[in-house]
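Listed below are the residues making up each chain.
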Amino acid sequence: MDLVEIEGLRIRFDADGQVVYAVNGIDLTVAEGQVVGVVGESGSGKSVTVTSIPRLLPKTARCEGRVRFDGIDVLNASAAQMRAIRGRSVGMIFQNPLAYLNPTRTIGSQLMEPLLFHHLAGYQEARRRGLEMLERVGIQNPAARFDNYPFEFSGGMLQRVLIATALIAAPKLVIADEPTTSLDVTVQAQILRLLKTMQRDLKMSMIFVTHDLAVAAQVSDTIYVMYGGTVVEQLNAADLIRAHRHPYLAGLLDSLPRLDRPVGRLPFIPGLPVDTRQPLAGCPFFDRCGVHTDDCHTLPALTTVGPSHRVACWRVAGELVVTDPTAKAGGLSGCIPESL
Amino acid sequence: MVRFVVRRLFFMALTFLVISLVTFFLMKAAPGSFLAMNVGVNGASFGADQYQVSPQVMQAIIRHYHLNQPWYFQWWGFVQGFITLHMGTSFEYPTTPTMTLIRQTFPVSLSLGLISVAVGLSVAIPFGIIAAVRTDTWVDSAAMLAAMTGTAIPSYVIAVFLILLFGVWFHIFPILGYQGPQYYVLPVLSLSIPMIGASSRYLRNSLIENLHSEYVIAIYARGGSLRQAIFGNALRNSLLPLITTVGPQLAALMMGTVFIEEMFGLPGMGHIFVNAAGRRDYPLIMDSALLYAVVIMLMNFLVDIVYGVLDPRIRKSGRMG
Amino acid sequence: MQAPSWTTAEARPSPGSARLRRSRTWRRFSKNRLSVIGLAFIVALVLSALLANQLTPYPPLAPNFLAIYQPPSWQHWLGTDALGRDMLSRVIYSLRNACIVGFGAEVVELTVGLLLGSTAGLIGGTVDTILMRVVDVVYGFPSFLFSIILVVMIGHTILAILIAVSATSWVGMARIVRSQVIQVRQSAYIEHARQMGASTWQTLVRYVLPNSMGPVLVAVTFGIPANMMSEAALSVVGLGIQPPTPDLGELIIIGQGSVLSYPYLLIWPALLFALTLLSFSFVGDGLRNVFDTKSGR
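The model shown is predicted, which means the values in this text are computed figures rather than measured ones. (Residues numbered from 1 in each chain as written. Chains lettered and ligands numbered in written order. Predicted model: local features only at pLDDT ≥ 70, side-chain atom pairs only at ≥ 80, totals over all residues. Heavy atoms only, no water.)

Section: the overall build of chain A
The helix and strand inventory of chain A stands at 12 helices and 12 strands. Compactness check: chain A gives a C-alpha radius of gyration of 21 Å against a globular reference of 20 Å for 340 residues, within 12% of the reference. Dimensions along the principal axes, computed over C-alpha positions, put chain A at roughly 65 × 50 × 40 Å. Scored against the burial criterion, the 340 residues of chain A give a buried share of 53%. A sequence separation of at least 24 residues applies to 65% of the contacts in chain A between residues at least 6 apart. Roughly 14,500 Å² of accessible area belongs to chain A as shown, and the carbon and sulfur atoms make up 51% of that amount. Distance between charge centres in chain A, computed from 33 positive and 34 negative side chains, equals 4 Å. (Helix = DSSP H or I, 4+ residues; strand = E, 2+ residues; numbered from the N terminus. Rg over C-alpha atoms; globule rule 2.2 N^0.38 Å. Buried < 20%, exposed > 50% of the residue type's maximum accessible area, 1.4 Å probe, protein only. Contact = heavy atoms within 4.5 Å. Areas by Shrake-Rupley, 256 points an atom, 1.4 Å probe, with all protein chains shown as cover. Lys, Arg positive; Asp, Glu negative; His and termini not counted. Charge placed at Lys NZ, Arg CZ, Asp CG, Glu CD.)

Some details on the pattern of salt bridges
Applying the stated criterion across every chain, the model contains 16 salt bridges over all chains. Salt-bridge contacts for Arg128 of chain A lead to Glu125 of chain A; the nearest nitrogen and oxygen are separated by 3.2 Å. Of the two residues, Arg128 of chain A and Glu125 of chain A both sit in helix H5 (residues 123–136), 3 residues apart, roughly one turn of that helix. Of the residues examined, Arg128 of chain A reaches a relative accessible area of 44% and is grouped as partly exposed. Its relative accessible area of 30% is what places Glu125 of chain A among the partly exposed residues. Close ionic contact of Asp285 of chain C with Arg288 of chain C constitutes a salt bridge, the shortest N to O distance being 3.0 Å. (Salt bridge = Lys/Arg side-chain N within 4 Å of Asp/Glu carboxyl O.)

Focus on the interface of chain A and chain B
Contacts between the two partners involve 25 residues from chain A, matched on the other side by 22 residues from chain B. Each partner contributes to the roughly 2,000 Å² buried at the junction of chain A and chain B, and carbon and sulfur atoms together form 61% of this total. Taken as a group, Tyr100, Thr104 and Phe117 of chain A account for 29% of the area that chain A buries against chain B, more than any other trio of residues on that side. Linking chain A to chain B there are 1 salt bridge. The closest approach of N and O atoms between Arg222 of chain B and Glu113 of chain A, which form a salt bridge, is 2.3 Å. Where chain A packs against chain B, one counts 10 residue pairs in polar contact (both at pLDDT 80 or more). Mapped onto the side of chain A that touches chain B, the elements with two or more residues apiece are strand E6 (90–93) and helix H4 (113–117) of chain A. Here the side of chain A that touches chain B takes 3 residues from H4 of chain A, the largest share from any one element. Residue composition of the side of chain A that touches chain B, grouped by class: 12 nonpolar, 7 polar and 6 charged. (Buried area = accessible area lost by both parts, 1.4 Å probe. Polar contact = N/O pair within 3.5 Å; in protein donor to acceptor, adjacent residues only side chain to side chain. Nonpolar A, V, L, I, M, F, W, Y, C, P; charged D, E, K, R; others polar.)

With respect to the interface of chain C and chain B
Put simply, an interface is often sized by how much accessible area is lost when its parts join up. Contact with chain C, which involves 39 residues of that partner, is made by 45 residues of chain B. When the two sides are added together, the surface that chain C and chain B hide from each other amounts to roughly 3,600 Å², 83% of it contributed by carbon and sulfur. For the pair chain C and chain B, the interface holds 1 salt bridge. Here Arg201 of chain B ties to Asp285 of chain C by a salt bridge, and the two come within 3.3 Å at their closest N and O atoms. Summed over the shared surface of chain C and chain B, the result is 3 residue pairs in polar contact (both at pLDDT 80 or more). At the level of elements, helix H5 (125–139), helix H6 (143–154), helix H9 (200–236), helix H10 (248–257) and helix H11 (264–291) of chain C are the ones that each hand at least two residues to the side of chain C that touches chain B. At 12 residues, H11 of chain C tops the list of elements feeding residues into the side of chain C that touches chain B. Here the residues of the side of chain C that touches chain B sort into 33 nonpolar, 3 polar and 3 charged.

What to know about the packing of helix H2 (residues 33–50) of chain C against helix H4 (residues 87–123) of chain C
Residue and element names in this part refer to chain C. Where H2 meets H4, the closest approach of the two axes is 9 Å, and the angle between their N-to-C directions is 105°. Considered as vectors, H2 and H4 are oriented roughly perpendicular to each other. Only Ile92, Leu95, Arg96, Cys99 and Phe103 of H4 make contact with H2, whose side of the interface consists of Leu45, Val46, Ser48 and Ala49. Here the residues of the contact of H2 with H4 sort into 7 nonpolar, 1 polar and 1 charged. (Axes fitted to C-alpha atoms, helices over the stretch in contact; angles between N-to-C directions. Parallel < 35°, antiparallel > 145°, perpendicular 65-115°, else oblique.)

Considering the pairing of strand E9 (residues 222–227) of chain A
Residues and elements named next belong to chain A. The buried fraction of E9 amounts to 6 of the 6 residues, a majority that puts the element mostly inside the structure. Burial along E9 is two-sided: the face carrying Thr222, Tyr224 and Met226 and the face carrying Ile223, Val225 and Tyr227 are both buried. Across 6 bridges, E9 lies against strand E10 (residues 230–236) in antiparallel orientation. Across the sheet, residue Tyr224 finds its bridge partner in E10, namely Gln234. Between E9 and E10, which pair antiparallel and follow one another directly, the connecting turn spans 2 residues, one of which, Gly228, has a positive phi of 55°. (Pairing = 2+ DSSP bridges.)

A word on the sheet that holds strand E3 (residues 35–39) of chain A
Residues and elements named next belong to chain A. The strand order across the open sheet formed by 8 strands is E6-E7-E8-E3-E9-E10-E12-E11, and the pairing between neighbours is mixed. The open sheet has two edge strands, E6 and strand E11 (303–306), and neither has a second partner. Here the average twist between neighbouring strands, direction ignored, is 20°. Two strands pair when backbone bridges link them, and E10 and strand E12 (residues 309–311) are joined in this way by 2 bridges, in the antiparallel orientation. Following the sheet pairing, Gln234 is matched in E12 by Arg310. Each of E3, E6, strand E7 (173–177) and strand E8 (205–210) is contacted by helix H8 (residues 185–202), which is oriented at about 160° to E8, the strand it contacts most. Across the sheet, helix H11 (residues 247–254) touches E9 and E10, and the angle it forms with E9 is around 100°.

Description of the domain arrangement of chain B
Here chain B is described as being made up of domain 1 (40–65) and domain 2 (101–317). On a C-alpha basis, the centroid separation for the pair domain 1 of chain B and domain 2 of chain B is 44 Å. (Domains from an automatic or database assignment.)

Describing the nonpolar core
Ranked by internal contacts, the top residues of the largest apolar core, which has 145 residues, are Tyr156 of chain B together with Ile148, Met228 and Phe273 of chain C. Broken down by element, the residue count for this core peaks at 17 residues, all from helix H12 (residues 282–310) of chain B. Those residues in contact with Tyr156 of chain B, other than ones at most four positions away along the chain, are Phe259, Ile260 and Met263 of chain B together with Met228, Met229, Ala232, Ala233, Val236 and Phe273 of chain C. (Core = buried A, V, L, I, M, F, W, Y, C linked by side-chain atoms within 4.5 Å.)

What follows is the structure, given as structure tokens:
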């Protein structure tokens, strides 16, 4: 059995009579020790999907479907059951580390919380393990930094602290929600490397949410590409360049700048993202897709097209083989730094 | 932190000088001064029978306040006397040194203000927490309606309703005079109810905002409970800004004591000030205005220092706001 | 090298006609029923102030020694006072004075605040620093003492009281206007307008002021009752509008003096005054809901 099993998940937000359809039927699994990359633009529902695993969505969220974590039915579990999971079996890393730390408490006191909340250690033991963890994530002189406040750290250092906090109780799963988005490019690479190393050393599963295809390709085993609150394609990271099938993903890959070609005008995907205020009718990519057919007025299901490769597209499902004008040899090698 | 304190002290000194200058010139510009009513040209004629001021005393007053010298002498005379606590006597009470007058009456006003702040805070904090935790329930609505009523209505109107309720209809508390602690109950309530309204509302909103902030989500993500989120984190972070409102609240309360003393017949400084203003008693107006200004500034200063010590961001960086 | 993240196009602002926007404003305002009741009360208050001469059953200053201390009755709805003057008429005239000072002082504050606040916010630099230092110092004034001193100096006319009340309270308005101006000025569309060649004055009148109006309007709604409070407070300490002109503070003090024998002399002025202040407060809250996009979401 997989660690995370999400089936037919739908999430909408209902605030003051205005409904937002954020997630429109998603299947997603994470095996033990696996790194799953969830990629999509803002508003595609990727953060909402993964936040539903530790059930940390705002009160206005209405969820349907099934979310299982480690055998627990998350959407129907009791509050106490969920508290027992959070911080202990699931660690969260967020986008903007400064906002996710209490500004008036030392980082040390917040770092120890997963151990203290779950009575995994006494204060002295928690402090010792906290110092050890800070050391492991690359904070210099942890003993001195332990009693510092968040505002005394740089963004990259804070993200290291947040990683240490998420991992201190050795969770089975760590969810990293755009952990590098707010950081400088050089720091981004360091943090990615750190996350990947920690994940391997602690033998955890990881869900890595990002809007950056190249980053996802670096850290993940499997990639889920989301659009309009649905998964449009799921494939192995290694197959990303070679075997992608969905027009959206093709457009994305095509709009990446490359080093192995003269710099010209970058292609882009015309049109606007999906209006999430309407329930989804048909393929979410319909308006922007260059190759849509009449079938596309109904929502395509994820169809298996190869080993661990699924696509939600009528064109692919109907074996409508169209020569892909965007298909190219060479791949992403120009964009992606050496594999981690 | 030291730099912050020095800067604040400098601004307080500046504000103090400006207030003294403005007050001084306003009084100079006013028609019909006390002395004009009592002293003719060259201080020769005295029409001061109704105040029983003897010519000798009048001469002494003129000398003491440099009334025959340029304005800056007069102004500095006031300020110097105030700073060194040698304020001399006022026109209205030539036999009682102003300092004695202040010593007799000011403690009444100050204790009234301080007790009201203490009562206000100790009621407002639990009130605010309950309303925040029970958001959008009838408890919250009722608390907030009460808070709004308290905020919108000034202390002297609240005093009216308290007088009617406790003094006239139920005869529980005395409504006039000062002969014991029970005479303080209604004045303190009148002053603290508006503050309870304002502070509990402030605390509620700030607590709700904190409870929806990202760092609280992070606490839940680490396995924390609502109680841990409130008492370990959000409450502390909401009480910090509440502290900064205590300064202005206290200033408002001190002003409130002026008419509350008038309504309940308490022998406080406000009463003295109002009388002095009505009689154009320069020295007393000046001294009491400066006294109130200094007390209010000092309170604000203390509150800011406490805030600076409690908030690590300011304690460590030394910057404010 | 890092691939650039793709961004979504900014959500387009829905054009929406002016009427649509107005109806939305009203809907948000009227969601709080108390705000609507408050607004109705204020409208009634202003009307009764304007029509005081027609509305009042008796002249407010005319004594009638045959009818002193009459409890509320059909002839005198709120009773009569020690000189047999009709309380209803006196309360209406008092509320009228409160309105004159409340609205009048607010006009003064608004003018001064808009002038200084937008000057400081638009010019910035040294001018801003100096103006804001002045504001800081005035903010440190014990404002009510200052009003008292001013009234003593200038006199007890309505105009003097109006000046005394607004003398220090413009400070808050200046601060709000300045922060609004700076906020709007730094926003992207002003940048755009400037690049398109709009002058400082044009940006001020066409963009900055209209977009700063929300918080200013809220501040005005809370400023008016604050002025009324100060005005009545001056009368409470005997330095307001001079008797026999009726005034709320004075009615309260006189009522308090005879509260044990004639409580109705105290209840009605205090109650009507409290309701007036509450109405403004409710309306201000409603307006805040309309303009505060942060919590209105």
